[in-house]
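# Descriptive structure summary
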Amino acid sequence: MSLIKARIIISGIVLILFVFLFTGTEKISIFLSDILPPFQFVPALVRTITQPEALFIVGLIIIILITLIFGRIYCSFLCPLGTIQDILIWGSKRIGLKSKHSFSRPYNGLRYTILGLVMAAAAVGVLSPVGLLDPYSLAGRIFTHFLQPLITQIYNLGILTLKPFDIYFYPKQTAFIPISALGTTAVFVLLISYLCARHGRLYCNTICPVGALLGLISRVSFFQFTLNKKACSECSQCENVCKAQCIDLQSASVDMSRCVGCFNCLHSCSRSAVSYQRRQNHKSANTWSPGRRGFVIGSIASAAGLVALNANIGKIPCIRFAQATPPVTPPGSLNTTHFTQACTSCSLCVSACPTQVLTPTFMDFGIAGLMQPKMNYEKSYCDYECDVCSTVCPTGAIMPLSLDEKKLTQIGEAKLLEDICVVYVNHNNCGACGEVCPTHAIRFVDKENILYPEIDKQYCIGCGACQLACPTTPRSIVVHALPVHKKAEKYTRDPQVILPEVPVDQNESSDPSFPF
Amino acid sequence: MEDTRKYNRREVIQKGLTLGLIAGGTVIFGKPDLLMAKGKPAGIPDMVAVKNGEPDVMFRKAIELMGGMDRFVKKGQTVVVKPNIGFPRLPEVGATTNPLLVKTIIESCYTAGAKRVYVFDNVVTATSGNARNCYKLSGIEEAAKAARAIVVPMDDFSYREVKIPGGKQLKTADVPSLILDCDVFINVPILKHHSSTHLSIAMKNLMGIVKNRMEYHLTGLDQCIADFCLYRKPDLNIVDAYRVLMSRGPSGPSNPQFANVQMKKTLLMSKDIVAVDTAAAKIFGKDPESIGYIKIAHAQRTGNMNLKELKIATYAM
């Protein structure tokens, strides 16, 4: 089996698993979230920093090691966005948009500037550049914002056609994606599609910070692609199949910092002039100089960026908290700062949430939290018996917490607006909020047979069930975010239920009389 | 059932006259339940109450006293059995109808010759993940499927709008087409505490087949609950008072250990939805006069809350 076939099979399996991770059922998502994200560079790195866990540290070490040994094969084997681009490139070839690739000079200045800025921003706790450009998070958003709704619609249409035959399935629901977030993802999809059709893997070699970082390592990787000048007939077969456009026939060199390790060139050469072998030192010295210039430019630019950011560092949190109503963050995210500084907006929690309460935002968290998800209580509520988001979150933005802990985690506080609540205004029984409150934080006070709701704050966990259920427009009960999550009191049984329950069974059942 | 039928003038006059005569007659005789009691063979009670048995045994006894399921379900008819599956709770919490009872009713319908029996409820928080949890956790999905019923999940396309004739607050309702098209509609509520209507029984259970029920909350629960019965009363109401949730209803706690349940081991059965709610309130230990919708429905002549005027068959096992 050739290395190309191996790559296609492995990357295909990885991509399919990713599709299942983002579009499958809760159980599938939970299962795959333990396996796939630890071996993605950005989640592994962020998790290692925010909340170190063995598998993620191992994953990070493995990614760095395989890059040191084999070059950037991560980009062709493991990266979901890489495989999506390979499919797009293959597709654009099939429809004749571009028949062959040709060598192009690297855009090292831009490339290392982006890398430097992204790293500098991350260093000061602003994760939105990483989140925007990271291939894993971007792929996740593509799956969640486009693929999942599509699959759901097809599924629902499918089950609708079965209804006349008395065959019933549960309809699926899909996460609400605001148009701003959808548009942002669409811009990236269009950009990547264009780059793929015209310039192969240019995204990976110029914009992607992971590609740039791994490229620095793969320059000195143990195995390298080399062109044997003596055997080469300059037929440019290898150049034509090089998606990274990094084979320069004139200088007979391969830019290993851009090579994505697809092995296409190896099999294209009829004269075996392309080889994949141990690095030879004198060659790397040749290819180093243009990269070095870019790297120097990038370093300077990023240092300048860091200074610029530092000058504004005080303002960034201001943007974030400037709003009157900061968004509610999911249970396990501890506080708004922790959440925004660890979330790369991959939207995995959005796609996995069974009640679809998590909604990707655009600027709700400020410029530092672009596309990060919030609890959207106008669309849904947080299920009391569920901790899926904290289980699947790969970066530790939503820390894992047990279901029992989750049930006592106050992420917000419900406030009752008595001036618009129908019970207080019309003196009619409503009780929609109390019916759905899972913690019994909403009590009813009986005044002349009308039951008036009241909130007992100590039990409220801010799940939003009451807000969603409230029939008035605007809602008479609204959850306000707690920027720092708190712990709720545990609701114990009613005072009148202290009696043992089991013996009561026997006592009750023997009475043969009826009350009428 | 036609929901948007246009009447011509003659029909309207005829129908109006007939209705007026019947209504007038009933007022004179002072027994509104006569309206529903036509065709009832002599000796059959208006209501049956059975206690101290298991749900299936009590049901078989009750339906026998009622004159058998054949009175309600004829050969080849389609039946809707509507239990309460409103919350994701285990049967032990007493928030959802007993699955064994649901199963026995379905079996009885098929024995009487029913062509198809449908089982469904509109869950309170209707996200897909939750609806599935409700159906599964309540044990009703499994029980109903074991008895060959068709378990139907609700979606946005399951409803048709109907007008409520004479509704004071509730003028229109979105009702599942299956209810509108079925031959026999059997209401199988569970008796439980309810935070905003005091009790949830048979009439309250019908809120589960109305999609626009937020209107109820907005315009007054009691009046709307009573109003809906002006549209269609179930052909039979079977109240599950086997395991009764005494507080923290309608959902009850998710952990059955903390559920304040009493084993009343009782089953009520009647065509009269007001009577059956009145009797159930008494079993719960609550004065029916304090339940808004029972009083309104009685006043609107949906049924009779004066149990003394009814023929009630009781049976203790």
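Computed from a predicted structure; not experimentally measured.

When helices and strands are counted, chain B shows 11 helices and 12 strands. Split into buried and exposed, the 317 residues of chain B put 63% on the buried side. Taking as baseline every contact in chain B between residues at least 6 positions apart, the subset at least 24 positions apart corresponds to 73%. Here chain B displays about 12,100 Å² of accessible surface, and carbon together with sulfur accounts for 53% of that area.

Within chain A one finds 24 helices and 10 strands. Out of the 516 residues belonging to chain A, those deemed buried represent 54%. When the accessible surface of chain A is totalled, it reaches about 22,600 Å², and 65% of it is carbon and sulfur.

Residue and element names in this part refer to chain A. Enumeration according to the criterion identifies 16 aromatic pairs over all chains in this entry. Ring geometry for Phe-22 versus Tyr-136: centroids 6.3 Å apart, planes at 50°, classification tilted. With Phe-22 in helix 1 (residues 3-23) and Tyr-136 in helix 9 (residues 135-162), this pair connects stretches of sequence that are 114 residues apart. When its relative accessible area of 0% is taken as the criterion, Phe-22 is described as buried. Consider the rings of Phe-223 and Tyr-276, whose centres lie 5.4 Å apart with planes at 25°: the pair is stacked.

Much of the literature gives interface size as the accessible area that the parts lose upon coming together. On the chain A side, the residues contacting the 66 residues of chain B number 52 residues. Between chain B and chain A, a total of about 4,600 Å² is buried, with carbon and sulfur atoms accounting for 56% of that surface. At the junction of chain B with chain A, the criterion picks out 1 salt bridge. In this assembly, chain B and chain A are joined by 13 residue pairs in polar contact (both at pLDDT 80 or more). With 7 residues, helix 4 (residues 128-137) of chain B is the largest single contributor of residues to the side of chain B that touches chain A.

Further remarks concern the pattern of salt bridges. Residue and element names in this part refer to chain A. Under the criterion given, the structure shown has 18 salt bridges over all chains. As a salt-bridge pair, Arg-47 and Glu-53 come within 2.7 Å of each other at their nearest N and O atoms. For Arg-47, a relative accessible area of 5% gives the class buried. Among the charged side chains, a salt-bridge network with shared partners connects Arg-7, Asp-86, Arg-201 and Lys-243.

Residues and elements named next belong to chain A. Grouped together as the largest cluster of nonpolar side chains are 122 residues, with contacts concentrated most on Leu-81, Tyr-203 and Phe-225. Tallying contributions element by element places helix 1 first for this core, with 6 residues. Both domains that furnish three or more residues to this core are identified here as domain 1 (3-321) and domain 2 (408-509). Excluding its chain neighbours within four sequence positions, the residues that come into contact with Tyr-203 are Leu-81, Gln-85, Leu-132, Leu-133, Leu-138, Phe-188, Ile-192, Leu-195 and Cys-208.

Our next topic: unusual backbone geometry. All names here are of chain A. Each neighbour pair has its own omega, and for Thr-473 with Pro-474 the value is -10°, a cis peptide bond. By the secondary structure assignment, Pro-474 is in the loop between helix 23 (465-469) and strand 10 (477-487). Despite not being glycine, His-440 has its phi angle at roughly 60°, a positive value. Relative to the helices and strands, His-440 resides in the loop between helix 22 (432-436) and strand 8 (442-447).

On to the side chain of Gln51(A). Residues and elements named next belong to chain A. Residue position: Gln-51 is located in the loop between helix 3 (41-50) and helix 4 (54-70). Overall, Gln-51 belongs to the buried group, its relative accessible area being 18%. When neighbours within four sequence positions are excluded, Gln-51 is seen to be in contact with Val-46, Gly-396, Met-399 and Pro-400.

Another point: the confidence of the model for chain A. Looking at chain A, the pLDDT average stands at 86 and 88% of residues meet or exceed 70. Every residue in residues 495-509 of chain A scores below 50 in pLDDT, and together they form 13 contacts with partners more than four places removed in sequence or on other chains.

Attention now moves to the confidence of the model for chain B. Residues and elements named next belong to chain B. Per-residue confidence for chain B averages 85 on the pLDDT scale, and 85% of its residues sit at or above 70. In the model, residues 1-6 has pLDDT below 50 throughout and makes 9 contacts with residues more than four positions away in sequence or in other chains. Taken together, the stretch residues 24-38 has pLDDT below 50 and engages in 18 contacts with residues farther than four places along the chain or on a different chain.

On to helix 3 of chain A. Among all positions in helix 3 of chain A, only Phe41(A), Val42(A), Pro43(A), Ala44(A), Val46(A) and Arg47(A) are buried. On its buried face, helix 3 of chain A sits against helix 4, helix 5 (74-77), helix 8 (128-133), helix 9, helix 12 (209-218) and helix 17 (336-342) of chain A.

Another aspect to go through is the packing of helix 1 of chain A against helix 2 (residues 26-33) of chain A. Pairs of packed helices are described in terms of their axes, by the angle between the two and the distance that separates them. Residue and element names in this part refer to chain A. Following both chains from N to C, one finds helix 1 and helix 2 inclined at 130°, their axes separated by 7 Å at the closest point. Relative to helix 2, helix 1 is oriented oblique. Considering only the axes of helix 1 and helix 2, their crossing is left-handed. Contacts between helix 1 and helix 2 involve Leu-17, Phe-20 and Leu-21 on the former and, on the latter, Ile-28, Ser-29, Leu-32 and Ser-33. Grouping the amino acids of the contact of helix 1 with helix 2 by side-chain chemistry returns 5 nonpolar, 2 polar and no charged.

Turning to the packing of helix 10 (residues 273-284) of chain B against helix 11 (residues 292-299) of chain B, a few remarks are in order. All names here are of chain B. Two numbers describe how helix 10 lies on helix 11: the axes approach to 10 Å, and their chain directions differ by 150°. It follows from the interaxial angle that helix 10 and helix 11 lie roughly antiparallel. In this structure, helix 10 crosses over helix 11, and the sense of that crossing is left-handed. Between helix 10 and helix 11, the contacting residues are Val-274, Asp-277, Thr-278 and Ala-281 on the first element and Tyr-293, Ile-294, Ala-297 and His-298 on the second. A class-by-class count of the residues in the contact of helix 10 with helix 11 yields 5 nonpolar, 2 polar and 1 charged.

This brings us to the environment of Leu68(A). Residues and elements named next belong to chain A. Here Leu-68 shows up in helix 4. A relative accessible area of 35% places Leu-68 in the partly exposed class. As a C-alpha pair, Leu-68 and Val-220 span 152 residues in sequence and 6.9 Å in three-dimensional space. Among all residues touching Leu-68, those that are not within four sequence positions of it are Ile-217, Val-220, Ser-221 and Phe-222.

Each value, and the rule that gives it
- In this convention, every chain numbers its residues from 1, walking through the sequence in written order.
- Each chain takes a letter, starting from A, and each ligand takes a number, starting from 1, following the order in which they are written.
- Under the rules for a predicted model, residues below a pLDDT of 70 receive no local features and side-chain atom pairs below 80 are neither given nor counted, while totals for whole chains, interfaces and linings still include all residues.
- Each side-chain value is worked out from all heavy atoms of the structure, with water and hydrogens disregarded.
- Counting from the N terminus, the helices are DSSP H or I runs at least four residues long and the strands are E runs at least two residues long.
- Think of it in three bands: with a 1.4 Å probe and only protein chains considered, a residue is buried below 20% of the maximum accessible area for its type, exposed above 50%, and partly exposed in between.
- In what follows, a contact means two residues having at least one pair of non-hydrogen atoms within 4.5 Å.
- In these tables, accessible area is a Shrake-Rupley quantity obtained with a 1.4 Å probe, and a residue counts as shielded only by the protein chains included in the view.
- To pair, rings of Phe, Tyr and Trp, with the six-membered ring standing in for Trp, must have centres within 6.5 Å; the planes then decide the type, stacked if under 30 degrees apart, edge-to-face if over 60, and tilted in the middle.
- Accessible area that two parts lose when put together, evaluated with a 1.4 Å probe and summed over both, is termed the buried area.
- We define a salt bridge as a side-chain nitrogen of Lys or Arg found within 4 Å of a carboxyl oxygen belonging to Asp or Glu.
- Here a polar contact means two N or O atoms within 3.5 Å. Within protein one must be a hydrogen donor candidate and the other an acceptor candidate, and residues neighboring in sequence count only if both atoms are side-chain atoms.
- Here, the term nonpolar core denotes a set of buried Ala, Val, Leu, Ile, Met, Phe, Trp, Tyr and Cys residues that are joined through side-chain atoms within 4.5 Å.
- The start and end points of each domain follow an automatic or database-based domain assignment.
- Confidence of the predictor at the level of single residues is given by pLDDT, which spans 0 to 100.
- Fitted lines through C-alpha atoms give the axes, limited to the stretch in contact for helices. The angle between two N-to-C directions lies from 0 to 180 degrees.
- For classification, angles of less than 35 degrees are called roughly parallel, those exceeding 145 degrees roughly antiparallel, those between 65 and 115 degrees roughly perpendicular, and all remaining angles oblique.
- Each crossing gets its hand from how the near helix is turned against the far one by less than a right angle, where anticlockwise is left-handed and clockwise is right-handed.
- Under the grouping applied here, Gly and all other residues not named as nonpolar or charged are polar, the nonpolar ones being Ala, Val, Leu, Ile, Met, Phe, Trp, Tyr, Cys and Pro and the charged ones Asp, Glu, Lys and Arg.

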